[in-house]
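Here are the chains, one letter per residue:
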Amino acid sequence: MNAMSLSGMTAFSLGNTAPLNSAEELEAALRQIGATRYHNLHPFHRLLHGGKLNKGQVQAWALNRYYYQSTIPIKDAVVISRFRDRGIRREWRHRLEDHDGDLGTEGGIERWLKLTEGLGLDSVYVESTEGILPATRFAVDAYVHFVRDRAPLEAIASSLTELFAPNLHMSYFSRRMEQAPRDANFALGYVKTHARTPAEREAVCNALIFKTNVLWVQLDALYHAYVDGHVPPGAFVPKDR
């Protein structure tokens, strides 16, 4: 499974075949995509946030989510490499520090490792990513390939799931609740300004749909493995299984 196959699962369709003729229509379409496709609608997400998963299932989620979280700065470094505009590179660069941290500053990845440690997982094991699900690895790697291979406009558009994320972050990650709206507003402003044709606006929408697929398929895999009970060979097996 690569970026092309994930993005090919769906085409832009909101029940309206009319082209998007303005920035305002584009924003409305993007928000509709978020309202109908964001992974807060997934059954696994609802079990997690409803407190209905056991400890082993939460451990599996945190372990697999770590691979996604730790890959985001790699993805962002690829996005930066796509632009010769120094202003855009400067704007995007702080995302690396948000996740990786800086001298004397804790980043999101370090906070995530504290979460997994609090859940009883060994940090060396978590960082090795040895126990993650194959679908997690395929989906997250496809995201990196997408921002590397598609147009820079689409690379930025794929980050727009941040528009829908802030209310879903646990209070433990309150810093990200401040960072995500800032990042999302920049990305939204960028695509509204630079997607100047109906075809470019459609490409922006498809990039967001691709990203929602990346997030959704990870929860599909978690549900299949740790709710339905079909853990693939080599993946993490909770002690309370």
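Residues numbered from 1 in each chain as written. Predicted model: local features only at pLDDT ≥ 70, side-chain atom pairs only at ≥ 80, totals over all residues. Heavy atoms only, no water.

Describing the overall build of the protein
1) Next: Counting its secondary structure elements, the protein contains 11 helices and 0 strands.
2) Next: Secondary structure elements in the protein, listed N-terminal to C-terminal, are α-α-α-α-α-α-α-α-α-α-α.
3) Next: Counting only residues that meet the buried cut, the protein has 50% of its 241 residues in that class.
4) Next: Within the protein, counting contacts between residues at least 6 apart in sequence, those at least 24 apart form 76% of the total. (Helix = DSSP H or I, 4+ residues; strand = E, 2+ residues; numbered from the N terminus. Buried < 20%, exposed > 50% of the residue type's maximum accessible area, 1.4 Å probe, protein only. Contact = heavy atoms within 4.5 Å.)

Some points on the confidence of the model for the protein
1) Next: Residues at a pLDDT of 70 or more form 86% of the protein, whose mean pLDDT is 89.
2) Next: With pLDDT under 50 throughout, residues 1-5 is counted as low confidence; its partners more than four residues away or in other chains account for 9 contacts.
3) Next: For the stretch residues 7-11, pLDDT sits under 50, and the model shows 10 contacts to residues farther than four places along the chain or on other chains. (pLDDT = per-residue confidence, 0-100.)

Here's the deal with the pattern of salt bridges
1) Next: Following the criterion strictly, the structure yields 7 salt bridges and no others.
2) Next: Across the pair Glu162 and Arg95 runs a salt bridge whose closest N-O atoms are separated by 3.2 Å. Here the residue Glu162 occupies a position in the loop between helix H9 (152-157) and helix H10 (174-194), and Arg95 occupies one in helix H5 (residues 86-100), the gap between them amounting to 67 residues.
3) Next: Classification of Arg95 by relative accessible area gives buried; the value is 3%.
4) Next: With its nearest N and O atoms 2.5 Å apart, the salt bridge here joins Lys114 to Glu106.
5) Next: Lys114 gets classed as partly exposed once you look at its relative accessible area, which sits at 42%.
6) Next: Among the charged side chains, a network of salt bridges with common partners joins Glu27, Arg31 and Lys192. (Salt bridge = Lys/Arg side-chain N within 4 Å of Asp/Glu carboxyl O.)

Things to note about the packing of aromatic side chains
1) Next: Under the criterion given, the structure shown has 9 aromatic pairs.
2) Next: Relative to Tyr190, the ring of Phe83 has its centre 6.0 Å away and its plane inclined at 90°; by these criteria the two rings are edge-to-face. Of the two residues, Phe83 sits in the loop between helix H4 (55-81) and H5 while Tyr190 sits in helix H10, which places them 107 residues apart along the sequence. Assigned by exposure class, Phe83 and Tyr190 land together as buried.
3) Next: Ring geometry for Tyr226 and Phe236: centres 6.4 Å apart, planes at 45°, overall tilted. With Tyr226 in helix H11 (residues 198-226) and Phe236 in the segment after H11, the pair connects residues that are 10 residues apart, well separated along the chain.
4) Next: The aromatic ring of Trp92 is capped on one face by Arg95, whose charged end is 3.5 Å from the ring centroid.
5) Next: The aromatic ring of Tyr67 is capped on one face by Arg137, whose charged end is 5.2 Å from the ring centroid. (Phe/Tyr/Trp six-rings, centres within 6.5 Å; stacked < 30°, edge-to-face > 60°. Lys NZ or Arg CZ within 6 Å of the ring centre and 35° of its normal.)

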